[in-house]
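Architecture and fold: a report
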Amino acid sequence: MNLDQALIDAAVDLMDRRWRLDEPGGAAAVRLADGGILTSVGLDNLHGSVALCQETGALIQAYTQDRAVVASACVCRDLEHGRILILPPCGVCQERLALWGPSVEVAVPQEGDPTEWEARTLAEVNPYYWGRQFADGQWPSGAQHAQ
């Protein structure tokens, strides 16, 4: 398994370093095929339409370095209930992760406890990925994504 507690802990650690514990915050961590971990946070911005997901920075770093992403985890602080939530990737981040294929593992919250995680592949999270319609029913290759 590429998604493990160390990946979750890396995201939590960055969140705790970036924001005080009494502030809302979130962070992400991605595991690379070579075992490395990249982390990132989203932008706090007055103009909400230019804000970015927590994962975006790490995904761009991986793509810039031509390194394959094999797992992704995103967390945020729930101040109202004093806990850290596991956030599954939004549709936009699912699309970003699709560059690395259907076997990328993503953290999703366990049913009934959003503070606990389980790993699911991108294909499990997005079984009807639209890009398959343009790749003869298969998950599009990296080259097809670049067209």
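Residues numbered from 1 in each chain as written. Predicted model: local features only at pLDDT ≥ 70, side-chain atom pairs only at ≥ 80, totals over all residues. Heavy atoms only, no water.

Before going further, it helps to spend a moment on the pattern of salt bridges. Per the stated rule, a full pass over the model turns up seven salt bridges. Ionic pairing is found between aspartate 22 and arginine 20, a salt bridge with its closest N-O pair at 2.9 Å. Of the two residues examined, aspartate 22 and arginine 20, each falls in the exposed class. (Salt bridge = Lys/Arg side-chain N within 4 Å of Asp/Glu carboxyl O. Buried < 20%, exposed > 50% of the residue type's maximum accessible area, 1.4 Å probe, protein only.)

Next up on the list: the environment of alanine 107. Summarising the element assignment, alanine 107 is placed in strand β5 (residues 105–110). Accessibility expressed as a relative area gives 1% for alanine 107, which makes it buried. Placed 30 residues apart in sequence, alanine 107 and arginine 77 show a C-alpha to C-alpha distance of 16 Å. Non-local contacts of alanine 107, meaning those with residues more than four positions away in its chain, are made with Leu3, Ile8, Ser72, Ala73, Ile86, Leu87, Pro88, Pro89, Trp117 and Glu118. (Helix = DSSP H or I, 4+ residues; strand = E, 2+ residues; numbered from the N terminus. Contact = heavy atoms within 4.5 Å.)

The next point concerns the environment of serine 141. By the element assignment, serine 141 lies in the loop between α4 (122–125) and α5 (142–146). Judged by its relative accessible area of 33%, serine 141 falls in the partly exposed class. Sequence spacing of serine 141 and alanine 98 is 43 residues, and the spatial spacing of their C-alpha atoms is 9.0 Å.

Working definition: an aromatic ring pair is given by the centre-to-centre distance plus the angle between the planes. As enumerated under the stated definition, the model contains three aromatic pairs in all. Arranged with centres 4.4 Å apart and planes meeting at 20°, the rings of tyrosine 129 and tryptophan 139 form a pair that is stacked. In this pair, tyrosine 129 is assigned in the loop between α4 and α5 and tryptophan 139 in the loop between α4 and α5, connecting sequence segments 10 residues apart. Residue tyrosine 129 is classed as buried on the basis of its relative accessible area, which comes to 2%. Overall, the relative accessible area of 16% leaves tryptophan 139 in the buried class. Three or more aromatic residues joined by ring pairs make a cluster, and in this case those are Tyr129, Trp130, Phe134 and Trp139. Sitting above the plane of the tryptophan 19 ring, arginine 18 keeps its charged end 4.7 Å from the centroid. (Phe/Tyr/Trp six-rings, centres within 6.5 Å; stacked < 30°, edge-to-face > 60°. Lys NZ or Arg CZ within 6 Å of the ring centre and 35° of its normal.)

Let us look at the nonpolar core. Core analysis: the biggest nonpolar cluster contains 17 residues, and Leu3, Ile8, Val75 and Ala107 have the highest contact counts within it. Among the elements of the structure, α1 (5–18), β1 (26–32) and β3 (69–78) are those that each provide at least two residues to this core. Among the elements that make up this core, the one with the highest residue count is α1 (seven residues). Discounting chain neighbours no more than four positions away, the residues touching isoleucine 8 are Leu3, Ala73, Val75, Ile86, Ala107 and Trp117. (Core = buried A, V, L, I, M, F, W, Y, C linked by side-chain atoms within 4.5 Å.)

Moving on: α1. Taking 1.5 Å of rise per residue, the 14 residues of α1 would be expected to cover 20 Å, and the 20 Å separating its terminal C-alpha atoms lies within 8% of that figure. Turning to α1, its buried residues number three or more, namely Leu7, Ile8, Ala10, Ala11, Val12, Leu14 and Met15. Considering only its buried residues, α1 is in contact with β1, β2 (37–40), β3, β4 (83–87), β5 and β6 (113–121). (Expected span 1.5 Å × (residues − 1).)

Just distances and angles here, no functional claims.
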